[in-house]
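Next come the chains, spelled out residue by residue.
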Amino acid sequence: NAGVTQTPKFQVLKTGQSMTLQCAQDMNHNSMYWYRQDPGMGLRLIYYSASEGTTDKGEVPNGYNVSRLNKREFSLRLESAAPSQTSVYFCASSERPPMNTEAFFGQGTRLTVV
Amino acid sequence: AQSVTQPDIHITVSEGASLELRCNYSYGATPYLFWYVQSPGQGLQLLLKYFSGDTLVQGIKGFEAEFKRSQSSFNLRKPSVHWSDAAEYFCAVGRNDYKLSFGAGTTVTVRA
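First, a word on scope: everything that follows refers to the structure included in this document. (Residues numbered from 1 in each chain as written. Chains lettered and ligands numbered in written order. Predicted model: local features only at pLDDT ≥ 70, side-chain atom pairs only at ≥ 80, totals over all residues. Heavy atoms only, no water.)

**So, the overall build of chain B**
- Across its full length, chain B holds zero helices and 12 strands.
- Taken from N to C terminus, the helices and strands of chain B fall in the order β-β-β-β-β-β-β-β-β-β-β-β.
- In terms of C-alpha radius of gyration, chain B reaches 13 Å, essentially the compact-globule figure of 13 Å for 112 residues.
- For chain B, the spread of C-alpha atoms along the principal axes amounts to about 40 × 30 × 20 Å. (Helix = DSSP H or I, 4+ residues; strand = E, 2+ residues; numbered from the N terminus. Rg over C-alpha atoms; globule rule 2.2 N^0.38 Å.)

Listed below in structure tokens is the structure:
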């Protein structure tokens, strides 16, 4: 079972460059999420999509955009990367909004902005 | 405001010894509580969850957690730690506004 697949696994960007992080899930989940993980801060929600066709801001949305391409795919775009966006990014999905359901996580994308 | 606090940043435990990781939450409504584990370089895996009912919940890998409403706590325990339990552990609370909020995490080191 693939579960949640993220690409790429590693990326180095120069300040000002743009890139898109891809995420796909094969569990027919309705809800998908993007988190960033920084040392000592746990995981912080960037954006989420409660269902296909909807997206909403999380705790730290500035500098990011998202697209829920279809039920399977949820991408995260950095339009002009900044060193403060150096982080590990995780995509997750759940059957429905995570109030009382398990979220499944991808393996993460380690992004360095120089 | 809702938050999840994990007071211990780092815990070192001997193999075979018991382990307890603390988690406190502040949330006005009924909390939905989770513990996740992250091995180095990996994503997060669910250990256990509490929604309602019995306040002592069993999870995978021999872990259990106890929900104490009076103390706003959801502490994770394991009676005998194995070297493979070295990882980072996250407590999380599911909220009514579709968000899952995480604590800062506790890193567990297991010494032989």
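**Topic: the environment of A:Asp26**
Residue and element names in this part refer to chain A.
- With respect to the helices, strands and loops of the structure, Asp26 is situated in the loop between strand E3 (19-25) and strand E4 (31-38).
- A residue is classified by how much of its surface remains accessible, and Asp26, at 43% relative accessible area, is partly exposed.
- Residues Asp26 and Val4, 22 residues apart in the sequence, show an inter-C-alpha distance of 6.9 Å.
- Beyond its immediate chain neighbours, meaning those up to four positions away, Asp26 contacts Ala2 and Gly3.
- Here Gly3 takes part through its backbone nitrogen, which lies 3.1 Å from a polar atom of the side chain of Asp26. (Buried < 20%, exposed > 50% of the residue type's maximum accessible area, 1.4 Å probe, protein only. Contact = heavy atoms within 4.5 Å. Polar contact = N/O pair within 3.5 Å; in protein donor to acceptor, adjacent residues only side chain to side chain.)

**Details of the interface of chain A and chain B**
- Contact with chain A, which involves 22 residues of that partner, is made by 22 residues of chain B.
- Summing both partners gives a buried area of about 1,800 Å² for chain A against chain B, and 60% of it is carried by carbon and sulfur.
- On inspection of chain A and its partner chain B, the count reaches zero salt bridges.
- At the junction of chain A with chain B, the criterion picks out five residue pairs in polar contact (both at pLDDT 80 or more). (Buried area = accessible area lost by both parts, 1.4 Å probe. Salt bridge = Lys/Arg side-chain N within 4 Å of Asp/Glu carboxyl O.)

**Points about unusual backbone geometry**
- Residues A:Thr7 and A:Pro8 are joined by a peptide bond in cis, for which omega reads -10°.
- Position of A:Pro8 among the secondary structure elements: in the loop between strand E1 (4-7) and strand E2 (10-13).
- Within the chain, B:Lys61 stands out as a residue other than glycine whose phi angle is a positive 60°.
- Locating B:Lys61 in the fold gives a position in the loop between strand E7 (56-58) and strand E8 (64-68).
- The phi dihedral of B:Ser72 falls on the positive side, at around 50°, and the residue is not glycine.
- Inspection of the secondary structure puts B:Ser72 in the loop between E8 and strand E9 (73-78).
- A relative accessible area of 26% places B:Ser72 in the partly exposed class.

**What to know about the packing of aromatic side chains**
Residues and elements named next belong to chain A.
- Inspection of every chain in the model, using the stated rule, returns 15 aromatic pairs over all chains.
- Seen in terms of ring centroids, Tyr64 and Tyr89 are 5.9 Å apart; in terms of plane orientation they differ by 65°. Their pairing is edge-to-face. Of this pair, Tyr64 sits in strand E7 (residues 64-68) while Tyr89 sits in strand E9 (residues 87-94), and the two are 25 residues apart along the sequence.
- According to the relative accessible area criterion, Tyr64 is buried, its value standing at 4%. (Phe/Tyr/Trp six-rings, centres within 6.5 Å; stacked < 30°, edge-to-face > 60°.)

**Considerations on the sheet that holds E1(A)**
Residue and element names in this part refer to chain A.
- The antiparallel open sheet is built from four strands, whose spatial order is E1-E3-E8-E7. Of all strands in the sheet, those bounded by a partner on one side alone are E1 and E7. The mean inter-strand angle of the sheet, taken between neighbouring strand axes irrespective of direction, is 15°.
- For E7 and strand E8 (residues 74-78), the ladder comprises five bridges, and the chain directions are antiparallel. (Pairing = 2+ DSSP bridges. Axes fitted to C-alpha atoms, helices over the stretch in contact; angles between N-to-C directions.)

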